[in-house]
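Chain and residue survey
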Amino acid sequence: MARPTSATIHTDALRHNLSQVRQRAPNSRVMAVVKADGYGHGLERVARALTGADAFGVAALSDAERLRAAGLSQPIVLLSGFDEPDDLSQLRRLNVETVVHHVTQLEMLEQAPPGEPIRCWLKLDTGMHRLGFAPEYVREAHTRLWAMPAVADDIVLMNHFASSDEFDKPQTREQLHVFAEATAGLPGVRSLANSAAVLGWPAAHADWVRPGGALYGISVVDGTSGTDFGLRPAMTLSTRLIAVNRIRKGERIGYSATWECPEDMPVGVAAIGYGDGYPRHAPAGTPVLLNGQRANIIGRVSMDLMTIDLRAQPDAKPGDPVVLWGVGLPVETIGAAADTIGYELVCSITRRVRFVED
Ligand SMILES: *Cc1c(COP(=O)(O)O)cnc(C)c1O
């Protein structure tokens, strides 16, 4: 029998979430961010579901190559920019736009061989301090780009927010202010907002929004899940029980014997573990949905298996369905239990998990 572990991708949820983003940012174009294999949902699958987006954002040229090979003709933006002169011919061949965030890239563009002008997204560092030109250098960078034959005239101005998920913190407002000052009077459309800014910072919507997580139905706003914002989960990770055992009071479960049975009790074994991408450090008490009802993990998550407290469902039997996250159990809940965020979990599904679409 095939391993019963699968990730179901809800393509209708992807489309629903895109329409939710459009409702929240009605005057903005939408770049669907599909980096990291569509946040683990499958790049081509996601892009085909989201052909209604105005552009796709990727982090690797190889992803742009895959999108073009899949026949997708939308604009594509390379969000972390190009690294070497050779990449410029790839950008031209694939008709891909690029973020420009560093002076070395200006030099490469200045030395580019003649050819189609490349559309550039000039990135400012307004306080995230990861990628981007310092605000005081932006005008000079813009002037240099503007003068280059290799660069198309419609230069986009962009930044990235560090804490837009914290609606009551001042940093986003400060970043907006730095951006407005540094770019005042410069021509070109603007792009600022990631998912959290789409949800919580209407003043940041500007000409292009760049949601990733929201399209997959995932919130990074602490204590919330996508459903709180009208979004629907785009992935359900599920498996089945493959064994049910009665274990005696005082016996201990799994590796390192970390969980002791407080009474004689039924324990279920589900066919999923960290070899599938489920986080090993999810502690006892992390919920799953067994037959649609919450039950708790007990003991250590191992490579292929996990153990589940069946006291609330003593009639559970091998074959019964177990949902690890998705519809009915937000991935954000599991992220919080495992000391991470939903994004990391959906990006971490491994190759042995079967992907299906509904
Ligand atoms: C990943 C990324 C996004 C999308 O972020 P989400 O939080 O998933 O919406 C937007 N812009 C840039 C530059 C990114 O790298």
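Residues numbered from 1 in each chain as written. Predicted model: local features only at pLDDT ≥ 70, side-chain atom pairs only at ≥ 80, totals over all residues. Heavy atoms only, no water.

What about the overall build of the chain?
Stated precisely, the cut-off is as follows: By the criteria applied, helices consist of DSSP H or I runs no shorter than four residues and strands consist of E runs no shorter than two, each listed in order from the N terminus. Exposure is judged per residue with a 1.4 Å probe applied to protein chains only, and the accessible area is read against the type maximum: over 50% gives exposed, under 20% gives buried, and values in between give partly exposed. Residue contacts follow a heavy-atom distance rule, with two residues in contact if any of their heavy atoms lie within 4.5 Å. Here the Shrake-Rupley method, with its probe set to 1.4 Å, supplies the accessible areas, and only the displayed protein chains count as covering residues. For this count, His and the chain ends are skipped, Lys and Arg are scored as positive, and Asp and Glu as negative. Note that the charge is assigned to NZ on lysines, CZ on arginines, CG on aspartates and CD on glutamates.
Each helix and strand counted, the chain has eleven helices and 18 strands in total. Along the first, second and third principal axes, the C-alpha set of the chain runs to 75 × 45 × 35 Å. With 358 residues in all, the chain has 54% of them scored as buried. Within the chain, contacts between residues separated by at least 24 positions form 65% of all contacts whose residues are at least 6 apart in sequence. Total accessible area computed for the chain in this model is approximately 15,600 Å², and 50% of it derives from carbon and sulfur atoms. For the chain, the distance from the average site of its 35 positive side-chain charges to the average site of its 41 negative ones is 6 Å.

Some words on the site of the ligand
Under the convention used in this document: Residues are counted as near a molecule or strand when any one of their heavy atoms sits within 4 Å of it. Residues adjacent in sequence count toward polar contacts only when both atoms are side-chain atoms; beyond that, a polar contact is any pair of N or O atoms within 3.5 Å, and within protein one must be able to donate a hydrogen and the other to accept it. Space inside and on the surface of the protein is sampled on a 1 Å grid over the protein atoms alone, with a cavity defined as a set of points where a 1.4 Å probe fits but cannot get out and a pocket as an open set with protein on both sides within 12 Å along at least 5 of 7 lines; lining residues have an atom within 4 Å of a point. Cavities and pockets are treated as containing a molecule whenever more than half of the molecule's atoms lie within 2 Å of their grid points. Residue polarity is assigned by list, with Asp, Glu, Lys and Arg as charged and Ala, Val, Leu, Ile, Met, Phe, Trp, Tyr, Cys and Pro as nonpolar; anything else, Gly included, falls into the polar class.
In the region of the ligand, 13 residues are neighbours, and Lys35, Tyr39, Ser195, Gly212 and Gly213 sit closest. In the environment of the ligand, an oxygen atom lies 2.5 Å from a nitrogen or oxygen atom belonging to the side chain of serine 195. Relative to its unbound accessible surface of 390 Å², the ligand loses 91% to contact with the protein. In this structure, the ligand is accommodated by the largest pocket. Within the shell around the ligand, the residues separate by chemical class into five nonpolar, five polar and three charged.

Quick word on the pairing of strand β17 (residues 321-325)
Put simply, the rule reads: In short, DSSP must find at least two bridges between two strands for them to pair.
Burial within β17 is extensive, with four of its five residues counted as buried. In this sheet, β17 lies alongside strand β10 (residues 235-247) in antiparallel orientation, the contact comprising four bridges. Paired with arginine 240 across the strands is proline 321, a residue of β17. Bridging between strand β14 (residues 287-290) and β17 involves two bridges; their strand directions are antiparallel. When the bridges of β17 are listed, leucine 289 appears paired with valine 323.

Here's the deal with the packing of aromatic side chains
Put simply, the rule is: Ring geometry is summarised as follows: Phe, Tyr and Trp rings, the Trp one being its six-membered ring, pair when their centres sit within 6.5 Å, and such pairs are stacked at plane angles under 30 degrees, edge-to-face over 60 and tilted between the two.
Inspection of every chain in the model, using the stated rule, returns five aromatic pairs. Consider the rings of tyrosine 39 and tyrosine 343, whose centres lie 5.4 Å apart with planes at 70°: the pair is edge-to-face. Taken together, the residues span a long stretch of sequence, with tyrosine 39 in helix α2 (residues 35-39) and tyrosine 343 in helix α11 (residues 342-347) at a distance of 304 residues. With a relative accessible area of 7%, tyrosine 39 lands in the buried category.

Focus on the nonpolar core
This is how the line gets drawn: By nonpolar core we mean a set of buried residues, namely Ala, Val, Leu, Ile, Met, Phe, Trp, Tyr and Cys, connected to one another through side-chain atoms within 4.5 Å. Each domain span listed reflects an automatic or database assignment of domains.
Counting 108 residues, the largest nonpolar core has Phe56, Leu109, Tyr278 and Trp325 as the members making the most contacts within it. Counting the residues that make up this core, at least three belong to each of domain 1 (11-218) and domain 2 (235-357). Beyond its immediate sequence surroundings of up to four residues, phenylalanine 56 is in contact with Met31, Ala32, Val34, Ala47, Leu50, Leu67, Leu72, Gln74, Pro75, Ile76 and Val77.

With respect to the domain arrangement of the chain
It is common to give the size of an interface as the accessible area that goes away when the parts come together. Filter applied, for reference: Two parts placed together each lose some accessible area under a 1.4 Å probe, and the buried area is that loss summed for both. Criterion for a salt bridge: a side-chain nitrogen of Lys or Arg within 4 Å of a carboxyl oxygen of Asp or Glu.
For the chain, the assigned domains read domain 1 (11-218) and domain 2 (235-357). On a C-alpha basis, the centres of domain 1 and domain 2 stand 37 Å from each other. With ten residues of domain 1 at the contact, the number on the domain 2 side is nine residues. When the area that domain 1 buries against domain 2 is broken down by residue, the three leading residues are Tyr39, Arg45 and Ile218, summing to 57%. On the surface where domain 1 and domain 2 come into contact, there are one salt bridge. Two residues, arginine 45 and glutamate 357, come together in a salt bridge whose shortest N-O distance is 2.9 Å. If you look at where domain 1 meets domain 2, you find one residue pair in polar contact (both at pLDDT 80 or more). Class assignment for the residues of the side of domain 1 that touches domain 2 results in three nonpolar, six polar and one charged.

Things to note about the side chain of aspartate 125
Counting through the fold element by element, aspartate 125 comes out in the loop between β6 (120-123) and α7 (138-147). One buried charge, aspartate 125, has no salt-bridge partner; the nearest side chain with opposite charge is lysine 123, at 8.6 Å. At 3.0 Å, the side chain of aspartate 125 and the backbone nitrogen of glycine 127 are in polar contact. Excluding residues within four positions of it along the chain, aspartate 125 makes contact with Leu131, Gly132, Phe133 and Pro135.

Some thoughts on the pattern of salt bridges
Within this structure, the stated rule accounts for 17 salt bridges. Sharing partners across several salt bridges, the network here consists of Arg3, Asp276, Asp304 and Arg352.

Here's the deal with α7
Along an α-helix, residues three or four apart share an orientation, since each turn contains 3.6 residues. Note the following rule: It is the directions from the helix axis to the C-beta atoms that the arc portrays.
When we look at burial in α7, the residues that qualify are Val138, Ala141, His142 and Leu145. Along α7, the residues classed as buried sweep out an arc of 100° about the axis, all on the same side. The outward face of α7, more than 90 degrees from its buried face, is lined by the exposed residues Thr143 and Ala147. At its buried positions, α7 is contacted by α6 (103-110), β6, β7 (156-158) and α8 (171-183).

Observations concerning the layout of surface pockets
The rolling of a water-molecule-sized probe over the atoms marks out the regions of remaining empty space. What counts here: Grid points are joined across faces, edges and corners, and a volume is the space filled by probe spheres set on the points.
Taken as a whole, the largest pocket spans an internal volume of roughly 580 Å³. Those elements that place two or more of their residues in the lining of the largest pocket are α2, α9 (195-200) and α11. Here the element with the most residues in the lining of the largest pocket is α2; it accounts for three residues. Here the lining of the largest pocket is composed, by residue class, of 15 nonpolar, eight polar and five charged. The space that makes up the second largest pocket amounts to roughly 290 Å³. Surrounding the second largest pocket, 16 residues form its lining, Val220, Val221, Asp222, Gly223 and Ile341 being those nearest its centre. A per-element tally of the lining of the second largest pocket places helix α10 (residues 331-337) first, with four residues. Partitioned by chemical class, the residues of the lining of the second largest pocket number five nonpolar, seven polar and four charged. Both of domain 1 (11-218) and domain 2 (235-357) provide at least three residues apiece to the lining of the second largest pocket.

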